[in-house]
Amino acid sequence: MANLKDERIPVAVLGATGSVGQRFVQLLARHPWFRVAELVASDRSTGKRYGEATDWRLDASMPDEARDLPVRDYDAQLDSPVVFSALPGEVAGEIEQRMAREGRALFSNTSTHRMDPDVPLLIPEVNPGHVAALETQRRNRGWSGLLVTNPNCSAIHLVLALKPLHDAFGIDALAVTTMQAVSGAGYPGVPSLDMIDNVVPFIPTEEEKMTEETMKLLGGYDGGFVPAAITMTAHCNRVPVRDGHTECVSIRLHGEPPLDDVAEAFRAFRGRPQELDLPSAPKQPVVVRDERNRPQPVLDRDTEQGMASVVGRIRPCPLLGTKFVVLGHNTIRGAAGASILNAELFKLEGLLPV
Ligand code: NAP
């Protein structure tokens, strides 16, 4: 008779009722290694069942296994050794640190700890070596658990596209202009009267985050983080798209490589998740589209189940030499999917406290 015992690792989701929290619940529902055991949200939701507390905004139905779970509060003693955080920045700091202090592996989407000098900001295809910072984290903080972050939803797709170019040619300078989906602001997010028939050319702290996170991600780790030395400018805009951030990039590469070589560098790019065949890893982290009018959010955001960045319109730039467009799903690879991929890497590398 088949063994019906579920041996997957129990995990908790903090901020489980929000945009990113819902993605966690959806992506984890069919996960081979992790099982959603505990869901946590604000006072507004605690004491209710998840199905009752959550205004489910995703296209597929709420997973049955989550529907009846009670929503816990942040002071509840959790049993799960692995915790995913989708908390608002204002409340994340202390709660996330407590989870790590208590011996859990905390994988966070929040910006609060991303730039801390002993916290890895991790994209497994880009900077798996930054995991070494956990030794300093353990020493500095005396935690038996650990805290790892994933980048801002625009920075992650930008950096997935930059990494193969930085490795193949070296990057001197770049300018990026984003067109960011409304779901990036959570739910209900930007008021509809600000969004319909409009573009909002300001997202608080987004340009700063994109720039500093890009430098940390493309930099090294040598007992401390050594940021990359690239001149970069970012313009961030909110546009009336539901999901999927589009980014127009102009870039100066060393040696002004031919466009075919740039396209080949994107296509050939693979990292640790692909080598290890992690369950959430896209086969190709960067997918190149040759059509002259792609990528587009509606057509391309779900490429590789939303885990790939899609590049197109690779062409000459009279200002910086090369330009292209990159697009990616902001709540999948840009948030929940990124955290889950980090946790999968940790499991296979034997770094989880289980
Ligand atoms: P959201 O839709 O506003 O959800 C926020 C979640 O946090 C809800 O579960 C909410 O619970 C809970 N919460 C709100 N106020 C709280 C408080 N005072 N104490 C405890 N819990 C509270 O936000 P989101 O878009 O999912 O974003 C969550 C985090 O992920 C943010 O830090 C954001 O910057 C980051 N992030 C978002 C994206 C994206 O594309 N949306 C991408 C990358 C990173 P209730 O429902 O009970 O109020």
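Since this is a predicted model, take the numbers as computed values, not measurements.

Rules used in this analysis
Residues numbered from 1 in each chain as written. Predicted model: local features only at pLDDT ≥ 70, side-chain atom pairs only at ≥ 80, totals over all residues. Heavy atoms only, no water. Helix = DSSP H or I, 4+ residues; strand = E, 2+ residues; numbered from the N terminus. Rg over C-alpha atoms; globule rule 2.2 N^0.38 Å. Buried < 20%, exposed > 50% of the residue type's maximum accessible area, 1.4 Å probe, protein only. Pairing = 2+ DSSP bridges. Salt bridge = Lys/Arg side-chain N within 4 Å of Asp/Glu carboxyl O. Near = heavy atom within 4 Å. Polar contact = N/O pair within 3.5 Å; in protein donor to acceptor, adjacent residues only side chain to side chain. Areas by Shrake-Rupley, 256 points an atom, 1.4 Å probe, with all protein chains shown as cover. Nonpolar A, V, L, I, M, F, W, Y, C, P; charged D, E, K, R; others polar. Domains from an automatic or database assignment. Contact = heavy atoms within 4.5 Å. Buried area = accessible area lost by both parts, 1.4 Å probe.

**Concerning the overall build of the protein**
Each helix and strand counted, the protein has 12 helices and 14 strands in total. Its C-alpha radius of gyration of 20 Å places the protein within 12% of the 20 Å reference for a compact globule of 354 residues. Here the C-alpha coordinates of the protein stretch approximately 60 × 50 × 45 Å along the principal axes. Counting the 354 residues in the protein, one finds 57% classified as buried.

**A look at the pairing of strand β13 (residues 309–317)**
Looking at chain direction, strand β12 (residues 286–288) and β13 are connected through 3 bridges and run parallel. Bridge pairing in β13 places Val-288 opposite Val-311. Summarising the sheet, β13 and strand β14 (residues 321–328) pair through 6 bridges and their orientation is antiparallel. Bridging from a neighbouring strand, Pro-316 pairs with Thr-322 of β14. The turn joining β13 and β14, which pair antiparallel and follow one another in sequence, is formed by 3 residues.

**Some remarks on the pattern of salt bridges**
Applying the stated rule across the entire model yields 20 salt bridges. In this structure, Arg-104 and Glu-102 form a salt bridge, with 2.8 Å as the shortest nitrogen-oxygen distance. By relative accessible area, Arg-104 is classed as buried at 6%. In this structure, Arg-294 engages Glu-291 in a salt bridge whose closest nitrogen and oxygen atoms are separated by 3.9 Å. Using a relative accessible area of 16% as the deciding quantity, one classes Arg-294 as buried. Taken together, the shared-partner salt bridges connect Arg-289, Glu-291, Arg-294 and Asp-300 into one network.

**Some details on the site of the ligand**
The environment of the ligand is made up of 27 residues, and the closest members are Thr-17, Ser-42, Arg-44, Ser-45 and Leu-87. Contact distances for the ligand include 2.9 Å between an oxygen atom and a backbone N or O atom of Ser-19. Protein chains shield 78% of the accessible area of the ligand, which is 900 Å² for the free molecule. Contributions of two or more residues to the shell around the ligand are made by α1 (19–29), α4 (89–101) and α12 (332–348). Of the residues contributing to the shell around the ligand, the split by class is 11 nonpolar, 15 polar and 1 charged. Both domains that furnish three or more residues to the shell around the ligand are identified here as domain 1 (9–152 + 336–348) and domain 2 (153–330).

**Things to note about the domain arrangement of the protein**
For the protein, the domain assignment lists domain 1 (9–152 + 336–348) and domain 2 (153–330). On the domain 2 side, the residues contacting the 35 residues of domain 1 number 38 residues. Between domain 1 and domain 2, roughly 3,000 Å² of surface is buried when both sides are summed, and carbon and sulfur atoms account for 65% of that area. For the pair domain 1 and domain 2, the number of links is 1 salt bridge. Note that Glu-213 and Arg-114 form a salt bridge whose closest N and O atoms lie 2.8 Å from each other. Linking domain 1 with domain 2 are 18 residue pairs in polar contact (both at pLDDT 80 or more), by the criterion used here. If you list the elements that add at least two residues to the side of domain 1 that touches domain 2, you get α1, α5 (133–141) and α12. Per-element accounting of the side of domain 1 that touches domain 2 gives the leading share, 7 residues, to α12. Partitioned by chemical class, the residues of the side of domain 1 that touches domain 2 number 19 nonpolar, 8 polar and 8 charged.

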